[in-house]
Amino acid sequence: MSDARVITHDVVIVGAGLAGSWAAMVAAREGVTNIGVLSKVHPLRSHSGAAQGGIAAALGNVRPVAGTGEDGALEQVPAGAEPPDSIDLHFFDTVKGSDWLGDQDKIKVLVTDAIEVIYEYEHMGCVFSRTDDGRINQRRFGGHSAPRANFAADWTGHVLLHTIHEQCLKHGVKFYSEWQLLELLLEDGVARGVVAMDIVSGEIVTFHAKAVLFATGGYGRAWKITSNATANTGDGVAIAYRAGAPLMDMEFVQFHPTGIYKHGILMSEACRGEGGYLLNAAGERFMEKYAPSKMELAPRDLVSRSEQTEINEGRGVGDDKQGIYLDLRHLGKEKIMTRLPQVREIAMNFLGVDIVYELAKIQPTAHYSMGGIPTDVDGQVIADANETPIVGFYAAGECACVSVHGANRLGTNSLLEASVFGRRAGYAIARFIKGGAKLAPLPARAAAAAQRARLARLMSRHENGRNVPLKQLSETLKKTMTDHVGIFRSQESLETALATIHRLQGDFQHVRVMDTSRRYNTDVLAAVEVDHMLTFSELVALGALARRESRGAHARTDYPTRDDNAWLKHTLVRQSSDGTPELSYKDVTIDWEKCPPQARKY
Amino acid sequence: MTNITVRIKRFNPDTDDKPRWQDYTVALDTEKTVLDALEEIKSEQDGSLTFRRSCRHAICGSCAMMVNRKNGLVCTKPLKEAVEEVGFFGAKNTVTIEPLPYLPVIKDLVVDQSVFWQQYEAVRPWVIPVENIPTKEFRMSQAEVDAMNRAETCIMCGACYSSCPVIAGNKSYIGPHALLKLFLRVMDPRDTEIEARLDQIANDNGAFRCHKVSNCIGACPKGLNPAQAISALGNMALRANKLSQARAERLKTLIAQVEASASE
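Here the structure is a predicted model, which is why all the values come from computation and not from measurement. (Residues numbered from 1 in each chain as written. Chains lettered and ligands numbered in written order. Predicted model: local features only at pLDDT ≥ 70, side-chain atom pairs only at ≥ 80, totals over all residues. Heavy atoms only, no water.)

Trainee: Is there a simple way to explain the overall build of chain B in this structure?
Mentor: Helix and strand content of chain B: ten helices and seven strands. With the principal axes as the frame, chain B shows a C-alpha extent of 70 × 40 × 30 Å. Considering chain B as a whole, with its 264 residues, one finds that 57% of them fall into the buried category. Roughly 10800 Å² of accessible area belongs to chain B as shown, and the carbon and sulfur atoms make up 49% of that amount. Across chain B, 33 positive and 32 negative side-chain charges occur, with their mean positions spaced 3 Å apart. (Helix = DSSP H or I, 4+ residues; strand = E, 2+ residues; numbered from the N terminus. Buried < 20%, exposed > 50% of the residue type's maximum accessible area, 1.4 Å probe, protein only. Areas by Shrake-Rupley, 256 points an atom, 1.4 Å probe, with all protein chains shown as cover. Lys, Arg positive; Asp, Glu negative; His and termini not counted. Charge placed at Lys NZ, Arg CZ, Asp CG, Glu CD.)

If you want it as structure tokens, here you go:
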């Protein structure tokens, strides 16, 4: 195997979750025939499928029963009644949720396209839960002022993923299942393809393409407690950065309030959407102190901070007092069995409790990456604050930063974002290809051989005999990110984190993996993933250190308030010529007349 | 803390003539899953041990394998529970782990599921709707969703497929996973091809091939019942024509409801 093989496609898509699959399906449907989709796991194993609670869109199928309050019953909207929800409301909730860091022109696109995207899923066969009159059922979610989480019990992501994958098959999309992305070939502002490895055979192949789309997911695996799948190591984000693309708002990482205690596995926000309570060690519904109006249904950043405050002040539960109770008992067996069956199973498996009768122990868990590769509303990656396009390079889904989530994403807006912008990227790529895009020549350097050398170095004995165990290194990184770049941050904690990350980057040169075989070598791939995590973790800490304010999910104990004068702007980071990261900033798009920044209270 | 033995069937076709057993020792901790034990062995003792995993909570379907001769997902299986089961070798404090059977081994616990996926694709897993798509959603009832018996929650892990004695002897059999998917589509009131779908499986490699051994039920980590779905498909295939007419009528009301609501 010489690693010299070149495979040519019009379009190469990396990642087969909702964003990548939507883009592939739409481009194929629009007549682009030569599409290759690479995925490090089988497409149906993608992490979009783990999303539970719902996908937002202001369909207005359901409304609160009059006079029952914030957590009262819901009913289907009778024919002819006033619509209880609107795209304007969804827009405002998302802007407020983002702590005004989301670009308002882009949020407008998100909430508007939402409606047709949900109907399209339904027409493609997605099995949603239904109202009595047969419409798509909806529930409440944090930060949304109307019930607009369209759901399928608590396996919404799963049914969406299967539906869109089926459509890709229907439209003849070619998948490369279990291929690991290694490098983006980007030269003179033009994307030319990628280098990737067939995990099964170990062959490294160059993919030559007119357009490349990254839909590689988020970067939550760099934290110790995380809801993310083991695959979510931010490969695309790190690789785009190394190829010279900028990254945006990397310091904004969402901690979900209800991860399973000690495991981090998600217990859906639908638990609270359906009426669940959070209790501290004293049995108090402590959210009344922090969000008296929305209570448990405040946005995730606020709820996670409230939990962490309770924990820090000694009111946590569990043997290390790092937990909080989630109480669902009052919902009753029937509601839990029909609305939250998967959550019940998860609690049984990992906590050994039945949520119908018992309290579940939870804790905040690293969940969602607001930051990523900056794009316009059509997935086109931009190179700078002037929105100069990187020709032929697209990104969508969690690895991208459009930015519609700003400093904090609302629950159910991520399945929506992946779908809306994956779909739009599909149309944009089809226009690009059908408009006569040409194959730009591959770079002259031997990229595949360089990647082979990178893997060979990881497998060979180091001459000085200093071998650093990979596990020790990755655990130190995860602990550092949790302790120092977590829910609360300060100059001191971030400087500590940066020093540790720099040391670990040095140590990484001494990592030697144990498996030296070619075939299905997940040992060497784990090292590659840690390499990626070390790259983006530095950028998260750096952006966080520079941002001297608290906004959304970025909470500085030394700068506890939002500072619109100095910090109402996006962070851009790119690799300078000497290899070090360089920060710059970009304006946020705001409609100053209709939706100027306000204090964010819930 | 007690130490236990994890006995793993290993095979790398590039270097091994035949599969071999290898024993590892891990500490038994009540919070550990079988997957945690595998991760621990890989990261601390033997990096060459190879297995698939991703989500860690039984939704991605990556980590199906055979533990103590029984198929399932290792991410949600407590190690303690596995130890307490009687192992294949009858050895105390020993958990045996093997790859899913009836499939070629790529390496250790990773199997080649190409045939499995081909069969899934062969049933055309997508819905084939009417041509005049409404502007809003089809009005499907919750009762119609419930009648699918949660088939839409199948994670395609392959535990059922690799427990099926028919598959063991005959790879032309379409398999419990693909038949369950087909059941989902046949039950979906939005699908227009009920007759063609039932026709596709009314043969000796389809629903009629099932021997009703029902291993698939015990193997399914999501509590689904492929055997029942296959049996239902067989029964439906015998009256496909009638069902097709009923579907055509239902499709009219599905759309009529939507149109009525649009003009409200």
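We are not done yet, so read on.
Trainee: Looking at this model, I keep getting lost on the sheet that holds strand 16 (residues 360-369) of chain A. Mind explaining?
Mentor: Sheet strands associate in pairs through backbone hydrogen bonding, adopting either a parallel or an antiparallel arrangement. Residues and elements named next belong to chain A. Pairing in this open sheet of four strands is antiparallel, and the strands run 13-16-15-14 from one edge to the other. Either end of the sheet is taken by a strand with one partner, and the two such strands are strand 13 (253-260) and strand 14 (277-279). Pairs of neighbouring strands in the sheet enclose a mean axial angle of 45°, with direction left out of account. With six bridges joining them, strand 13 and strand 16 adopt antiparallel strand pairing. Bridge assignment links G259 to a residue of strand 16, and that residue is Q363. Relative to the sheet, helix 8 (residues 300-312) contacts strand 13, strand 14, strand 15 (324-327) and strand 16, its axis offset from that of strand 13 by approximately 60°. (Pairing = 2+ DSSP bridges. Axes fitted to C-alpha atoms, helices over the stretch in contact; angles between N-to-C directions. Contact = heavy atoms within 4.5 Å.)

Trainee: Help me understand the packing of helix 6 (residues 176-187) of chain B against helix 7 (residues 194-201) of chain B, please; the structure alone is not making it clear to me.
Mentor: A pair of packed helices is captured by two measures, namely the crossing angle of their axes and the spacing between those axes. Residues and elements named next belong to chain B. Look at helix 6 against helix 7: their axes get within 10 Å of each other, and the N-to-C directions meet at 155°. One element, helix 6, and the other, helix 7, form an angle in the roughly antiparallel class. Regarding helix 6 and helix 7, the two cross each other, and that crossing is left-handed. Counted together, L179, L182, R185 and V186 of helix 6 and I194, R197, L198, Q200 and I201 of helix 7 form the full contact between these two elements. Partitioned by chemical class, the residues of the contact of helix 6 with helix 7 number six nonpolar, one polar and two charged. (Parallel < 35°, antiparallel > 145°, perpendicular 65-115°, else oblique. Left-handed = near helix turned anticlockwise from the far one by under 90°. Nonpolar A, V, L, I, M, F, W, Y, C, P; charged D, E, K, R; others polar.)

Trainee: Is there a simple way to explain the pairing of strand 16 of chain A in this structure?
Mentor: When a strand is regular, its side chains alternate between the sheet's two faces. All names here are of chain A. With respect to burial, strand 16 is a largely interior element, nine of its ten residues being buried. Pairing analysis gives three bridges linking strand 15 to strand 16, with the strands arranged antiparallel. Bridged to I324 within strand 16 is I362.

Trainee: What am I meant to see in the side chain of R547 of chain A here?
Mentor: Take R547 of chain A: it is sitting in the loop between helix 15 (522-546) and strand 22 (555-556). There is a polar contact of 2.5 Å between the side chain of R547 of chain A and the backbone oxygen of K569 of chain A. (Polar contact = N/O pair within 3.5 Å; in protein donor to acceptor, adjacent residues only side chain to side chain.)

Trainee: Just checking my understanding: could you explain empty space enclosed by the protein for this structure?
Mentor: Residue and element names in this part refer to chain B. Using the criterion set out here, one finds eleven cavities of 30 Å³ or more in the structure. Here the second largest cavity is characterised by a volume of approximately 120 Å³. Along the wall of the second largest cavity there are 15 residues; nearest its centre are C154, M156, C157, C160 and C220. The class makeup of the residues in the lining of the second largest cavity is twelve nonpolar, two polar and one charged. (1 Å grid on protein atoms, 1.4 Å probe; cavity = no way out; pocket = protein on both sides within 12 Å on 5 of 7 lines; lining within 4 Å. Points joined across faces, edges and corners; volume = space filled by probe spheres on them.)

Trainee: Is there a simple way to think about the packing of helix 1 (residues 18-29) of chain A against helix 11 (residues 413-434) of chain A in this case?
Mentor: Residue and element names in this part refer to chain A. The N-to-C vectors of helix 1 and helix 11 enclose an angle of 30°; their axes lie 7 Å apart at closest approach. Taken as a pair, helix 1 and helix 11 cross one another with a handedness that is right-handed. Residue-level contacts link L18, A19, W22, A23, V26, A27 and R29 of helix 1 to L415, A418, S419, G422, R423, G426, Y427 and A430 of helix 11. Broken down by class, the residue content of the contact of helix 1 with helix 11 amounts to ten nonpolar, three polar and two charged.

Trainee: Would you mind going over the interface of chain B and chain A with me for this structure?
Mentor: Many descriptions give the size of an interface as the accessible area lost when the pieces come together. On the side of chain A, 60 residues touch chain B, which itself brings 64 residues to the contact. Considering only the side of chain B, the residues that lose the most area to chain A are R56, H57 and E137 of chain B, jointly responsible for 14% of the buried surface there. There are ten salt bridges connecting chain B and chain A. For R519 of chain A, the salt bridge goes to D14 of chain B, with nearest N and O atoms at 3.1 Å. Counting across the interface, chain B meets chain A through 36 residue pairs in polar contact (both at pLDDT 80 or more). (Buried area = accessible area lost by both parts, 1.4 Å probe. Salt bridge = Lys/Arg side-chain N within 4 Å of Asp/Glu carboxyl O.)

Trainee: Hey, could you run me through the pattern of salt bridges in this one?
Mentor: Residues and elements named next belong to chain A. Taken as a whole and assessed by the stated rule, the structure comprises 76 salt bridges over all chains. Between R139 and E274 there is a salt bridge, and its shortest N-O distance comes to 2.7 Å. Highlighted residues: R139 in strand 6 (residues 138-139) and E274 in the loop between helix 6 (270-273) and strand 14, separated in sequence by 135 residues. Each member of the pair, R139 together with E274, is buried.

Trainee: Teacher, can you tell me more about the domain arrangement of chain B here?
Mentor: Residues and elements named next belong to chain B. Taken domain by domain, chain B comprises domain 1 (3-110) and domain 2 (113-263). For domain 1 versus domain 2, the separation of C-alpha centres amounts to 32 Å. Across the domain 1/domain 2 interface, buried area totals approximately 1200 Å², and carbon plus sulfur atoms make up 60% of it. Among the residues domain 1 hides against domain 2, the three largest losses belong to N71, Y102 and L103. Together they make up 47% of the total. At the junction of domain 1 and domain 2, the tally comes to six residue pairs in polar contact (both at pLDDT 80 or more). The dominant element in the side of domain 1 that touches domain 2, judged by the number of residues it contributes, is strand 4 (residues 70-73), at four residues. (Domains from an automatic or database assignment.)

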